[in-house]
Amino acid sequence: MEEEEEVNAYLQSCGGFVACHDAGSKGRILVATRDYQSGEVIYSEPPLHIIEEDEDSEVFQRLEDFAARHALYSARWYWCALNSMTASDLEQFAQLPCSIISEGLQRQLLWLCAPDENASEALPVFQELLHDLGMADVPTEVTRKFWQLLQVWKYNSFEYSDDPVASAIYLQASFHSHDCNPNANWVADDAGLTLRARHFIPAGQEVTISYLSDEELFESTSQRRMRLKISKDFHCCCQRCAELWDRSRGVRCQCGRLRFLDVEGSMLSPCDAGCNWPSVDEVLRREELLVLLCRQQADADRATRLASAQTFAAAAEQLLPRHWATECLWKWLAEGCATKLEAKDCEAKRLRFLQDAYEGAKRNTHTAWVMSSLAMWTLSSCGALQHATPPDCSARVRDSGALELLKEAAGLLKDLNGEDDKYFRHVQRNLERVSHLDTA
Ligand SMILES: C[S@@+](CC[C@H](N)C(=O)[O-])C[C@H]1O[C@@H](n2cnc3c(N)ncnc32)[C@H](O)[C@@H]1O
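The following paragraphs examine the structure supplied in this document. Please read these numbers as outputs of a predicted model, since none were measured by experiment.

## Regarding the packing of helix 2 (residues 58–69) against helix 5 (residues 123–132)
Then, in step 1: Between helix 2 and helix 5, the shortest axis-to-axis distance is 11 Å and the interhelical angle comes to 150°. By the angle between their directions, the pair helix 2 and helix 5 is classed as roughly antiparallel. Considering how the two elements wind past one another, helix 2 and helix 5 form a crossing that is right-handed. The residues of helix 5 that touch helix 2, namely those facing R62, L63, F66 and R69, are V125, E128, L129 and D132.
Then, in step 2: Here the residues of the contact of helix 2 with helix 5 sort into 4 nonpolar, no polar and 4 charged.

## Observations concerning a negative patch on the surface
Then, in step 1: A surface patch of like charges, here negative, comprises E52, D54, E55, D56, E64 and D65.
Then, in step 2: Its location among the elements puts D54 in the loop between strand 4 (49–52) and helix 2.
Then, in step 3: A residue is classified by how much of its surface remains accessible, and D54, at 35% relative accessible area, is partly exposed.

## Quick notes on the site of the ligand
Then, in step 1: Close to the ligand lie 14 residues; K26, R28, N156, H178 and C237 are nearest.
Then, in step 2: In this structure, R28 approaches the ligand through a main-chain N or O atom, which is 2.7 Å from an oxygen atom.
Then, in step 3: Here C237 contributes a backbone N or O atom positioned 3.1 Å from a nitrogen atom of the ligand.
Then, in step 4: Considered on its own, the ligand offers 570 Å² of accessible surface; in the complex 87% of this is hidden by protein.
Then, in step 5: Grouping the amino acids of the shell around the ligand by side-chain chemistry returns 5 nonpolar, 7 polar and 2 charged.
Then, in step 6: Here the shell around the ligand gathers at least three residues from each of two domains, domain 1 (3–46 + 171–210) and domain 3 (217–437).

Cut-offs and rules
- One numbering rule holds for all chains: residues counted from 1, following each sequence as written.
- Reporting in this predicted model follows two pLDDT cut-offs: at least 70 for local features of residues, and 80 or more for side-chain atom pairs to be given and counted; totals over whole chains, interfaces and linings ignore these cut-offs and use all residues.
- Hydrogens and waters are ignored; side-chain quantities use all the structure's heavy atoms.
- Here, axes are lines fitted to C-alpha atoms. For helices the fit covers the stretch in contact, and angles between N-to-C directions go from 0 to 180 degrees.
- Comment: elements are numbered from the N terminus, with helices defined as DSSP H or I runs of at least four residues and strands as E runs of at least two.
- For this classification, under 35 degrees means roughly parallel, over 145 means roughly antiparallel, 65 to 115 means roughly perpendicular, and everything else is oblique.
- We call a crossing left-handed when the near helix sits turned anticlockwise from the far one by less than a right angle, and right-handed when that turn is clockwise.
- Any two residues whose heavy atoms approach within 4.5 Å at even a single point are treated as in contact.
- Under the convention adopted here, Pro, Cys and the residues Ala, Val, Leu, Ile, Met, Phe, Trp and Tyr are nonpolar, Asp, Glu, Lys and Arg are charged, and Gly plus all remaining residues are polar.
- Each patch is built from salt-bridge-free residues with over 30% relative accessible area, joining like charges within 9 Å and nonpolar side chains (Val, Leu, Ile, Met, Phe, Trp, Tyr) within 5 Å.
- For the area figures, the Shrake-Rupley method with a 1.4 Å probe applies, and any residue is considered shielded solely by the protein chains shown.
- Salt bridges are defined by distance alone: a side-chain nitrogen of Lys or Arg within 4 Å of a carboxyl oxygen of Asp or Glu.
- Within this scheme the basic residues Lys and Arg register as positive and the acidic residues Asp and Glu register as negative, but His and the chain ends are omitted.
- A single reference atom marks each charge: NZ on Lys, CZ on Arg, CG on Asp, CD on Glu.
- Burial classes follow relative accessibility: with a 1.4 Å probe on protein chains only, a residue under 20% of its type's maximum area counts as buried, one over 50% as exposed, and anything between as partly exposed.
- Nearness here has a simple test: a residue counts as near a molecule or strand if at least one of its heavy atoms is within 4 Å of that partner.
- Pairing of N or O atoms within 3.5 Å defines a polar contact, subject to two protein rules: one partner must be a possible hydrogen donor and the other a possible acceptor, and residues neighboring in sequence count only if both atoms are side-chain atoms.
- Residue ranges labeled as domains rest on an automatic or database domain assignment.

See below:
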C-alpha cells in the first residue's frame, strides 16, 4: 500500500472525520469529509506515543553535553529519537541506553517525516553521538532513521506535561497544516487532543490549525513567519501571509486616516487624501524601537513593564494605533492602571485592534479573553462587583452592554476550547456572579 493510502486507512479507522491529500508545496493536508458547524468537535484522539524525559539519567546528560557541543538539536529531541528505535534497529547491541518501541509504532511515527526529508549531511555527527552512547558502527540506514525520528519529534510533537517533562505525538493532528487564519482549534489534556471548528467548515475544505498561540496570531506577518521558521523550519504560505497590507501594522496618517504597512515594510497603503506624511522610513524607525521594547521587556516584572508602557504608550498610539506592539503596551498598562476607567479604556483599545486584525480574529481565544476583561472592568466601573451595589447599577450595566460582552466571551471560549476549559469556567463563574443584574 502507498503511504498516503495507509494514512487514509488509519484516518478511516479513527472515524473518517478528515482525509489526507497531497497538496504540493505544503505536503500532505487534511480535508473535512463532511460539514462541521461552528464549535463542533471534529475529532478527539489519544496520544500515539508519549516520551518522558529523564534529566537525571547519565544518557540524558550525555545528550545535553552533545547538544551543547553541536548547535543542531536540543537534548530533548535526541532523547525522543533514541527512544523511538526498534529492537531490530539495535539488535547488535547487548546493552541499550534507551527503551525500544514496536516496528508498527515506529512505522506510524515515520509517516510524519515528509518524503523530501530523507537526506542529511549531518549523519556523521549522529554516528559520533551514537558512538558516544556505546553504539559504535551503527549501520547508515539506522543512523538515517535516527535523524528522521529527530525531525518527527521536533516538528510534530506537542508538549504533554511539565513535570515530568514529556512530549506526545498525536498522529491525525500532525497532518494538519498551519494557517494564520485557522478554521480549527485544538486543546490537549490528559485524555488526548480535541479539535473543534472555529467556524463553519464545509465538506472538502482543508482543516487547518495554528502552530502559534492565539495571541501570537495577532503579530505582524514577518514576526509570525519568523516564529514559524525558527520553531518549525518552514516559510508560511497561508493566504493571510500572502496579503499585501499587514493589518497588524496600522499607521495613523497625517490626516488621521488609518493606513497599513505592507508585509515587506517597503510601502504604506495609499491615503485617500493624498498625504505624504508619515514617510515609510519614519514609521519603520519608530516601529523598530517599539518592537524592541516589547521583546526586551516581555519577561520583565510587572512594575518595569508598566513603567515602560506609561512612558511610551501615548506616542505608540499616536503613530501606530492599530499595531500589535501597541496592543502589547496597552496590555501592560491595563495590568497596572490606577483607575477602573483607565483599565476599561485600555481593554477597549485592545479589543478594537484585535477584532479587526484579520478575517477570523473574532473566533480567537485571545480575543475572547480580552472581551471578558473589558466586560469585567466595565461591570466594575458600574459598581456591579461591589458588595452593596449602587441604586442605579442595573440600569448602568444594561446601558454598558457588559453582560452581553461577557456572555459572548463565554460562548466563544466554550465553542473553541470546550466546557472543561479553565478559562471558560472562569468567565462562566463571573457570569454567575452578576446574573442577578441580567434583566434581559
Ligand atoms: C506538521 S507537518 C504537516 C504535515 C505535512 N504537510 C506533511 O506532509 O507531513 C508541518 C509541515 O507542513 C508544511 N506546512 C504546514 N503548514 C504550512 C504553511 N502554512 N505554509 C507552508 N508549509 C506548511 C511545512 O512543510 C511544515 O514543515
